[in-house]
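# Fold and contact review
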Amino acid sequence: NAGVTQTPKFRVLKTGQSMTLLCAQDMNHEYMYWYRQDPGMGLRLIHYSVGEGTTAKGEVPDGYNVSRLKKQNFLLGLESAAPSQTSVYFCASSQGAEAFFGQGTRLTVV
Amino acid sequence: DQQVKQNSPSLSVQEGRISILNCDYTNSMFDYFLWYKKYPAEGPTFLISISSIKDKNEDGRFTVFLNKSAKHLSLHIVPSQPGDSAVYFCAPSIQGAQKLVFGQGTRLTINP
């Protein structure tokens, strides 16, 4: 019973490099989310999706893009990584109010 | 525009005593409130919730209180146990809107 799986778990990027974080859920949930967690800032919503083929901006969308081509997957892209994007990223999915989270991806941009 | 505030970044409580975590919100449209618990190196997990039609919801050692007029909710843990040491996030939501926002979190430490 995998739930929400994030890939990779750790990554170090150089400034200007690009990468994609993958989130996969096996619960057939309609809604998926990407958050970042920074010290003292809590969990801030980057982008979210209310169904396959849809995406919407959250609180801190700048510098990120997302795609939801398949219901079970939600991709978060960084086109040109910046040190300010050093953070722990969490993906979540939900069908009702309760959200289920992945284990997180620790990203460092140097 | 911070719609959710947890004003205590940290809280230290003696084992066996009551822990009280607070959360304030500004958006009167919020009608469903959740608390999540997070251990280091893990994702948050759902703990307890309350609908705006209630003012109290209890689940074992955990009780959430909602004061709609004050736009305030609190999580009570009694008795507190060492395994309760974690970061707690409140997450108010609007049912049907599916946009889940979180407070800054409160780090609870239970001392033996």
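Since the structure is predicted, the reported quantities are computational estimates derived from the model, not experimental observations.

## Observations regarding the state of the cysteines
Residue and element names in this part refer to chain B. Under the criterion given, the structure shown has two disulfides over all chains. Each sulfur in the disulfide pair Cys23 and Cys90 lies 1.9 Å from the other. Its torsion about the S-S bond being 55 degrees, the disulfide of Cys23 and Cys90 is classed as right-handed. Placement of the pair is Cys23 in strand β3 (residues 19-25) and Cys90 in strand β9 (residues 86-93), with a sequence separation of 67 residues. Each member of the pair, Cys23 together with Cys90, is buried.

## Observations regarding the sheet that holds strand β10 (residues 106-111) of chain B
Residues and elements named next belong to chain B. Spatial strand order, β2-β10-β9-β4-β5: five strands in an open sheet with mixed pairing. Two strands in the sheet have a free side with no partner beyond their single neighbour: β2 (10-14) and β5 (45-51). Each strand of the sheet is rotated relative to its neighbour by a mean of 25 degrees, with strand direction disregarded. For strand β4 (residues 32-38) and β9, the ladder comprises seven bridges, and the chain directions are antiparallel. Its bridge partner being in β9, Lys38 is matched across the sheet by Val87.

Analysis parameters
Residues numbered from 1 in each chain as written. Chains lettered and ligands numbered in written order. Predicted model: local features only at pLDDT ≥ 70, side-chain atom pairs only at ≥ 80, totals over all residues. Heavy atoms only, no water. Disulfide = S-S within 2.5 Å. Helix = DSSP H or I, 4+ residues; strand = E, 2+ residues; numbered from the N terminus. Buried < 20%, exposed > 50% of the residue type's maximum accessible area, 1.4 Å probe, protein only. Pairing = 2+ DSSP bridges. Axes fitted to C-alpha atoms, helices over the stretch in contact; angles between N-to-C directions.

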